[in-house]
Amino acid sequence: MSEYVYLQGSEQVQNAGQTIRHAAETIQRAADNLDGTVYQLRPQIEEWVSRIEAAAERIAVAMEAVIAESKAQQEREADEIGF
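Residues numbered from 1 in each chain as written. Predicted model: local features only at pLDDT ≥ 70, side-chain atom pairs only at ≥ 80, totals over all residues. Heavy atoms only, no water.

**Structural notes on the pattern of salt bridges**
Counted under the stated rule, the structure contains 4 salt bridges. A salt bridge links R51 to E47; the nearest nitrogen and oxygen atoms lie 2.6 Å apart. In this pair, R51 and E47 are both assigned in helix α1 (residues 10–81), 4 residues apart and thus about one turn of the helix distant. By relative accessible area, which is 45% here, R51 ends up partly exposed. We classify E47 as partly exposed; its relative accessible area is 39%. With its nearest N and O atoms 3.0 Å apart, the salt bridge here joins R76 to E69. Taking the relative accessible area as the measure of exposure, R76 reaches 38% and is therefore partly exposed. Take E69: its relative accessible area is 44%, and that puts it in the partly exposed class. (Salt bridge = Lys/Arg side-chain N within 4 Å of Asp/Glu carboxyl O. Helix = DSSP H or I, 4+ residues; strand = E, 2+ residues; numbered from the N terminus. Buried < 20%, exposed > 50% of the residue type's maximum accessible area, 1.4 Å probe, protein only.)

Spelled out as structure tokens, the structure:
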């Protein structure tokens, strides 16, 4: 008597497993490529972040000056009309 047992659908399960494995390998390669790209771009990104932070600081200082001047102008106008 033969000891061979054929499991119905086992080939499909095996093919599905291989497909999943290949998909996982593809995803891993994509993640590795993305990681490498981010690593290469990091210095440029950090430079731009630094530039943006410096620009934001200059804008904040300018806005504070404008606000202070506006308050001073309002006070001068209030003094002129007697408040």
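**Quick look at a nonpolar patch on the surface**
The grouping of L41, I45 and V49 at the surface amounts to a nonpolar patch, some 230 Å² of accessible area in total. Among the secondary structure elements, V49 is positioned in helix α1. Among the residues examined, V49 registers a relative accessible area of 40% and is labelled partly exposed. (Patch = residues over 30% accessible without salt bridge, like charges linked within 9 Å, V, L, I, M, F, W, Y side chains within 5 Å. Areas by Shrake-Rupley, 256 points an atom, 1.4 Å probe, with all protein chains shown as cover.)

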